[in-house]
Amino acid sequence: MGLPGSGLAKGLAVTLRTMTRRSVTAHYPDVQPELPARSRGVIGLFEENCTVCMLCARECPDWCIYIDSHKETLPAAAPGGRERSRNVLDRFAIDFSLCMYCGICIEVCPFDALFWSPEFEYAETDIRDLTHERDKLREWMWTVPEPPPLDDAAEEPKEIAAARKAADKLAAAQAAAAESASGESASGESAAGEGGGDA
Amino acid sequence: MEFFDVAWRLLAVLVAFLTLPLLVGQTEHKVMAHMQGRVGPMYAGGFHGWAQLVADGVKFAQKEDVVPAAADRRVFQLAPAVALVPYLLVLIAIPIAPNGVVGQVVDAGIFFVLAVLGVGVLGQVMGGWASANKYSLLGGMRTAAQLLAYELPLLLAAASVAMAAGTLSLPGMLESWQWWWLPWQLIGAFVFFTAGIAELHRPPFDAPLAPEEIIFGPLTEYGGLRFALFMLAEYAGIVVISALTAVLFLGGWHGPFADQLGWLWMLLKTAALCFLVIWMRVAWPRLRADQIQRFAWTCLVPLALFQIALTGVVKVVFL
């Protein structure tokens, strides 16, 4: 318990100490907030990468992605070859009045066409204006930041891991080839004239 | 000449009455905010929200004047004025600098001041009764009970100073004030200031208002300008109680260069006490109604009686 009234004194001390420190208030409209890396503000579309595979639209829990497309036929590259068909994007829209910012569309996109942007100031006075069409989604791409560097203890990115694996395999194969070549040349002392000519 | 002198004094008191409470209110906004790690109003008036209370006043003035159908109309409408005007009258009698710088010299100043102060609380009792609302009635009853409990220690503590000075006039008390009265009347100062805060229903003695419990008690049914007057009365009350404590116990205008800077010392002491009032609001929780009563009768009244005995003994034996 302590002395009677020590609680009152403590209350006074805490409030006075707090008063001498800087307040924690965020002065938002005057000062922009410092957002953490990978902040989820708005979704940008890098439409050059989009193949209209529709995975994002189908995985979206809110059904807030609208995609229209048509097929175009490309003439055969070589004479006598088959004509190729290709998907062309006509409309790509995200209705941010429905979006719940789960990020599944970005996770699921196999071609890296969707990205998180930290921009969050796109409130509208008309709910219909919250449906961002393709050109607006493309504009958001300019606000997508570089991905932050990985943590020190993080796993290697998959792409680099795969490349490294292939490189290691190749190096191992070459080393094995060199090994067998030198081994053969060493044993070729007795059996002269057999291989190892290019060593 | 006489007329202009009186008019000038009254005008100065009126100006002080209209500005000082707002200053305290704005200080409360800011101090409370920073004590809670916030910044408080920032926009009104441009610079750190200095005009927030002016904006609030404009908003209050625009609101509809509503009187509940079941209310006692006359009493309901009169209550804010009864709550506010006494503080204006008290301010007239408070000296702020030596050589008669006071709204009006009242011979029995301490009587006048304490009598009129009690009237101010009546405004809340009237509002609580006339509102025809159960919360208001509860708050009004608590207000009345609190008034009865704390008027006694307030008077006793003030009487101690009057005994020490041998006069009932406020400027007269300040004339005879010595620095060693500070420790001598320390208990009295504590009792007077605490009882004064309790009469104003400031936290931790705000059970009669208790917004989270009985929704502002007597003020529940008030809105617009009448509510603003009640608020103004609360802050005017803080100024008056702080100024009175400064005059009675802290030596008012006494300080270095009192002849020229007396008014500054008086204002500084008052401001420090106002800060204390705000500080206590931020730091401490509210007392229950029964705790408030117990504190008055078992703590403040005996302390005040002890202070009177001490004053009497020192006065008779040493002076």
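Residues numbered from 1 in each chain as written. Chains lettered and ligands numbered in written order. Predicted model: local features only at pLDDT ≥ 70, side-chain atom pairs only at ≥ 80, totals over all residues. Heavy atoms only, no water.

A short note on the overall build of chain A
Scanning chain A from terminus to terminus reveals 5 helices and 5 strands. For chain A, the sequential pattern of α-helices and β-strands runs α-β-α-β-β-α-β-β-α-α. For a compact globule of 199 residues, the expected C-alpha radius of gyration is about 16 Å, and chain A comes in at 31 Å, more than 25% above that figure. When its C-alpha atoms are laid out on the principal axes, chain A stretches across 105 × 65 × 30 Å. By the burial criterion, 21% of the 199 residues in chain A qualify as buried. Within chain A, contacts between residues separated by at least 24 positions form 72% of all contacts whose residues are at least 6 apart in sequence. By element, 56% of the accessible surface of chain A is carried by carbon and sulfur atoms, the whole surface being about 14,700 Å². In chain A, 20 positive and 33 negative side-chain charges are present, and the distance between their average locations comes to 7 Å. (Helix = DSSP H or I, 4+ residues; strand = E, 2+ residues; numbered from the N terminus. Rg over C-alpha atoms; globule rule 2.2 N^0.38 Å. Buried < 20%, exposed > 50% of the residue type's maximum accessible area, 1.4 Å probe, protein only. Contact = heavy atoms within 4.5 Å. Areas by Shrake-Rupley, 256 points an atom, 1.4 Å probe, with all protein chains shown as cover. Lys, Arg positive; Asp, Glu negative; His and termini not counted. Charge placed at Lys NZ, Arg CZ, Asp CG, Glu CD.)

Some points on the UniProt feature "transmembrane region" (unreviewed entry) in chain B
Residues and elements named next belong to chain B. UniProt records the feature "transmembrane region" (unreviewed entry) for residues 6-25, 78-97, 109-131, 152-174, 180-198, 227-251, 263-283 and 295-318 in the present numbering. The distance from the first to the last C-alpha atom of residues 78-97 is 34 Å, and the span holds 75% helix and 0% strand. When the span residues 263-283 is considered, its composition is 100% helix and 0% strand, and the gap between its end C-alpha atoms is 30 Å. (UniProt positions renumbered as here; feature names shortened; annotations may be inferred.)

Considering the UniProt feature "binding site: [4Fe-4S] cluster 1" (unreviewed entry) in chain A
Residues and elements named next belong to chain A. In the numbering used here, UniProt assigns the "binding site: [4Fe-4S] cluster 1" (unreviewed entry) feature to Cys50, Cys53, Cys56 and Cys109. Spatially, the listed residues are clustered: although they cover 60 residues, their C-alpha atoms lie within 10.5 Å of one another. With near-sequence residues (within four places) excluded, Cys56 lies in contact with Ile65, Ile67, Phe92, Cys105, Val108 and Leu114. Note on placement: Cys109 falls in the loop between α3 (104-108) and β4 (114-117).

Description of unusual backbone geometry
Cis peptide bonds are those with omega within 30 degrees of zero, and the linkage from Pro203 of chain B to Pro204 of chain B qualifies with 5°. Mapped onto the fold, Pro204 of chain B is located in the loop between α8 (186-200) and α9 (211-214). You will see that Arg38 of chain A, though not glycine, has its phi angle at about 65°, which is positive. You can see Arg38 of chain A is positioned in the loop between α1 (6-20) and β1 (42-45). The exposed category is assigned to Arg38 of chain A, whose relative accessible area is 61%.

Digging into the environment of Val14 of chain A
Considering the arrangement of structural elements, one finds Val14 of chain A in helix α1. A C-alpha to C-alpha distance of 28 Å links Val14 of chain A and Pro33 of chain A, two positions 19 residues apart in sequence.

Here we look at the packing of aromatic side chains
All names here are of chain A. Under the counting rule described, the total for this entry stands at 16 aromatic pairs over all chains. Ring centres of Tyr101 and Trp116 lie 6.3 Å apart, and the angle between their planes is 20°; on these two criteria the pair is classed as stacked. Remark: Trp116 occurs in strand β4 and Tyr101 occurs in the loop between β3 (84-95) and α3; sequence separation between them is 15 residues. Since its relative accessible area comes to 26%, Tyr101 is described here as partly exposed. Trp116 gets classed as buried once you look at its relative accessible area, which sits at 15%. Among the aromatic residues, ring-to-ring pairing joins Phe96, Tyr101, Trp116, Tyr122 and Trp140 into one connected group. (Phe/Tyr/Trp six-rings, centres within 6.5 Å; stacked < 30°, edge-to-face > 60°.)

Re the side chain of Lys30 of chain B
Locating Lys30 of chain B in the fold gives a position in helix α1 (residues 2-35). The side chain of Lys30 of chain B is buried and forms no salt bridge, while Asp30 of chain A, the nearest opposite charge, is found at 11 Å. Look past the residues within four positions of Lys30 of chain B in its chain and what remains in contact with it is Val39, Gly40, Pro41, Met42 and His48 of chain B. (Salt bridge = Lys/Arg side-chain N within 4 Å of Asp/Glu carboxyl O.)

A closer look at the UniProt feature "binding site: [4Fe-4S] cluster 2" (unreviewed entry) in chain A
Residues and elements named next belong to chain A. In this structure's numbering, the residues bearing the UniProt feature "binding site: [4Fe-4S] cluster 2" (unreviewed entry) are Cys60, Cys99, Cys102 and Cys105. Of the residues just listed, which span 46 residues, no C-alpha pair is farther apart than 10.6 Å, and they cluster in one region. Structurally, Cys60 is set in the loop between α2 (55-59) and β2 (65-74). For Cys60, a relative accessible area of 9% translates into the label buried. Looking at where Cys102 falls in the secondary structure, it is placed in the loop between β3 and α3. A residue is classified by how much of its surface remains accessible, and Cys102, at 27% relative accessible area, is partly exposed. Dropping the residues within four chain positions of it, Cys102 is found in contact with Arg40, Pro61 and Trp116.

Points about the sheet that holds β2 of chain A
All names here are of chain A. Strands sit in the order β2-β3-β5 across an open sheet of 3 strands; the sheet is antiparallel. A single partner strand is all that each edge strand has here, and the edge strands are β2 and β5 (131-132). Here β3 pairs with β5 via 2 bridges, running antiparallel. Pairing of Ile94 across the sheet is with His132, part of β5. (Pairing = 2+ DSSP bridges.)

Some points on the side chain of Ser39 of chain A
All names here are of chain A. Mapping Ser39 onto the fold places it in the loop between α1 and β1. Judged by relative accessible area, which is 14%, Ser39 ranks as buried. A distance of 2.6 Å separates a polar atom in the side chain of Ser39 from the backbone oxygen of Pro36. Apart from residues no more than four positions distant in its own chain, Ser39 is found in contact with Trp116, Ser117 and Pro118. (Polar contact = N/O pair within 3.5 Å; in protein donor to acceptor, adjacent residues only side chain to side chain.)

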